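This is what each chain is made of:
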Amino acid sequence: MAVMILSSPLSSTAYISYARSTHVELKTQTKSIVSNKETEILSLCSLEQTTLTYLGNQYQATAAMGCDAKKPSIVSVGQVGDSSSGGLSSVQEPLIKQKHSPENYCVLAAIPPFLFPALGAFLFGYEIGATSCATLSIQSPTLSGISWYNLSSVDVGIITSCSHYGALIGSIVAFNVADIIGLRKELITAALLYLVGAIVTATAPVFPVLIIGRVVYGIGLGLTMHAAPMYIAETAPSQIRGRMISLKEFSTVFGMVGGYGIGSLWITVVSGWRYMYATVIPIPIIMGIGMCWLPASPRWLLLRSIQGKGDVERLQQAAIKSLRRLRGSAAVDSAAEQVNEILAELSSVGEDKDATIGELFQGKCLKALTIAGGLVLFQQITGQPSVLYYAPSILQTAGFSAATDATRISILLGLLKLVMTGVAIIVIDKLGRRPLLLGGVSSMVMSLFLLGSYYIFYDNVPAVAVAALLLYVGCYQLSFGPISWLMMSEIFPLKLRGRGISIAVLVNFGTNAFVTFAFSPMKELLGAGVMFCGFGVICVLSLFFIYFIVPETKGLTLEEIEAKCL
């Protein structure tokens with residue numbers, strides 16, 4: 001403040017008056033400065049209180065479980081911002097966009113959580129291969145070893161398809177099972193059903209008992225194809241999740257080839273069909289023991305904890321212990337932090353609320369159901385069963401000596417499927433889901449139109465049909481084969497994942513049964529050429545579906561997929 005310099009002396013009275021006025025002015029200005037500072041402080045306090053209130057809401061579920069408040073937050077607190085633009089401010093969005101703590105893991109620790117569920121997929125493939133040989137053995141008057149070998153075509157069809165109808169039953173049963181008992185116990189139950197079904201089938205004294213055994217085996221199949229991809233998806237590190245779930249498809253194809261191979265060994269033996277089904281009995285025993293040894297899915301444990309379905313502290317500690325076992329020694333120090341991140345992310349996307357059946361058909365769950373259901377639907381109606389059915393005749397026209405033996409032809413195609421599935425496993429986490437789907441299905445379109453053209457125009461050029469057949473089988477295993485199951489297992493929100501996958505598996509097996517049933521009438525009505533061209537048109541439609549609907553999930557955690565892709 002400027003101070004006036006007096007040019008002449010003042011009287012004492014005037015001096016006192018001047019001093020008082022100066023004091024009042026100084027006091028007024030000081031109050032004004034203090035008031036302005038108080039306003040600024042109050043504004044900062046309000047900002048801090050807003051931020052703390054938001055953080056408190058985000059961590060409410062975690063705090064209730066006794067989480068350490070000093071653990072790293074997954075919520076951005078960089079700035080509050082305003083919402084005048086109509087979008088969320090930065091503090092309103094969970095830090096799903098930011099970089100997560102690295103998912104450290106040991107390779108040896110990551111193998112068992114894939115291996116034992118994948119044994120269930122192996123049993124699925126083995127059933128397909130072995131049954132194709134068993135139906136030949138069981139109808140042989142000299143080699144069947146039974147008195148009721150004279151089966152009608154309907155009886156043979158029932159033997160072939162009843163495991164699929166059992167799988168439909170298993171898919172329906174699985175609708176709520178995973179949410180109640182967990183994926184681990186569901187897979188243990190599936191292993192038990194596999195074991196009982198295989199024993200009953202192998203020892204069946206009469207035809208009805210054989211069918212019962214096949215249906216029981218099929219129920220185990222339905223539970224497995226529901227729980228195995230889910231368990232692998234929820235326990236695998238995000239860096240290799242695509243590869244692990246695709247290895248499950250590799251296990252299915254490997255089981256199919258194994259079934260054909262074992263079948264070819266026993267097909268010339270009396271009662272060989274019994275040995276075909278009995279050979280696999282040790283596998284469900286190993287699967288069941290392995291699943292008893294593995295921990296429960298940490299995400300299932302955390303979902304139950306934030307929904308209040310058990311002792312939250314015990315469930316959280318069990319999840320940390322489970323994650324340490326699933327990741328090995330590399331995650332001993334980071335497991336608690338990862339659990340904390342998963343907890344807060346589950347809360348931020350609304351997983352702390354109980355799910356209702358109606359939610360399956362609303363919002364993000366409806367979108368997930370559209371993606372998963374559409375993929376498995378197109379997987380079945382783009383002609384895979386029909387193309388494989390025609391494989392023996394196509395190879396015969398090409399002059400392959402192995403074409404005289406249906407079993408050897410099946411082994412040949414099974415090996416091709418195995419190799420191409422292996423290629424998909426190698427590249428799926430590098431290239432992504434969408435490029436493989438778009439590239440593979442585009443090649444399937446070409447192969448189907450080539451097959452249709454062969455039966456309509458070029459029936460004297462078998463090389464066209466053989467090339468189209470091999471192209472179709474190979475590209476199917478690069479695209480729809482593994483990726484449909486992969487996307488199904490990772491796209492659903494956690495609280496509805498069990499029910500959503502149950503519906504998708506039901507669509508898969510139901511459509512498979514329908515296509516198998518409708519194949520012969522369609523062939524008789526339309527002819528093979530028109531039928532394959534029709535499958536080609538459906539493949540084109542599936543390309544539009546993939547391009548406009550199916551998202552890319554490569555490298556994302558399951559919580560990031562829910563937040564960003566749905």
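Residues numbered from 1 in each chain as written. Predicted model: local features only at pLDDT ≥ 70, side-chain atom pairs only at ≥ 80, totals over all residues. Heavy atoms only, no water.

### Side note on the side chain of Ser297
Cut-off, in case you're wondering: Put simply, DSSP H or I for four residues or longer makes a helix, DSSP E for two residues or longer makes a strand, and each gets a number counted from the N terminus. Type-normalised accessible area, obtained with a 1.4 Å probe on protein chains alone, sets the label of each residue: buried when under 20%, exposed when over 50%, and partly exposed for intermediate values. The definition of a polar contact used here is a pair of N or O atoms within 3.5 Å, where within protein one atom must be able to donate a hydrogen and the other to accept one, and adjacent residues in sequence count solely through side-chain atom pairs. By the convention used here, residues are in contact when the closest approach between their heavy atoms is within 4.5 Å.
Mapped onto the elements of the fold, Ser297 is located in the loop between helix H10 (282-293) and helix H11 (298-306). Here Ser297 falls in the buried class, since its relative accessible area comes to 3%. Within the structure, the side chain of Ser297 is placed 2.6 Å from the side chain of Glu234, a separation counted as a polar contact. Once you skip the residues sitting within four places of it in the chain, Ser297 turns out to touch Tyr231, Glu234, Thr235 and Ser322.

### Focus on the packing of H11 against helix H12 (residues 312-327)
Here is the rule: Axis definition: a line fit to C-alpha positions, over the contact stretch in the case of helices; interaxial angles, taken between N-to-C directions, run 0 to 180 degrees. Should an angle fall under 35 degrees it is called roughly parallel, over 145 degrees roughly antiparallel, and 65 to 115 degrees roughly perpendicular, with every other angle called oblique. Put simply, a crossing is left-handed when the front helix is turned counterclockwise from the back one by less than a right angle, and right-handed when it is turned clockwise. Any residue outside Ala, Val, Leu, Ile, Met, Phe, Trp, Tyr, Cys, Pro, Asp, Glu, Lys and Arg is labelled polar, Gly included; the first ten of those are nonpolar and the last four are charged.
Between H11 and H12, the least distance of the axes is 8 Å, while the angle of their chain directions is 165 degrees. Between H11 and H12, the crossing angle belongs to the class labelled roughly antiparallel. Two packed elements cross with a definite hand, and for H11 against H12 that hand is left-handed. Two secondary-structure elements touch here, H11 through Pro298, Leu301, Leu302, Arg304 and Ser305 and H12 through Val312, Leu315, Gln316, Ala318, Ala319, Ser322, Leu323 and Leu326. Per-class residue counts for the contact of H11 with H12 are nine nonpolar, three polar and one charged.

### Details of the packing of helix H4 (residues 112-138) against helix H8 (residues 241-266)
It is the contact of H4 with H8, at a shortest axis distance of 6 Å, that shows an interaxial angle of 35 degrees. Once H4 is placed against H8, the crossing between them reads as right-handed. For the contact of H4 with H8, the per-class residue count stands at 15 nonpolar, ten polar and one charged.

### Section: the pattern of salt bridges
Applicable threshold: Salt bridges are counted wherever a side-chain nitrogen of Lys or Arg sits within 4 Å of a carboxyl oxygen of Asp or Glu.
Across all of its chains, the model carries six salt bridges by this definition. For Glu490, the salt bridge identified is with Arg433, shortest N-O distance 3.4 Å. Note that Glu490 is positioned in helix H19 (residues 480-491) and Arg433 in helix H17 (residues 433-456), a separation of 57 residues in sequence. On the accessibility criterion, Arg433 (0% relative accessible area) is buried. Each of the salt bridges in this network shares a partner with another, and the network as a whole consists of Arg241, Asp429, Arg433 and Glu490.

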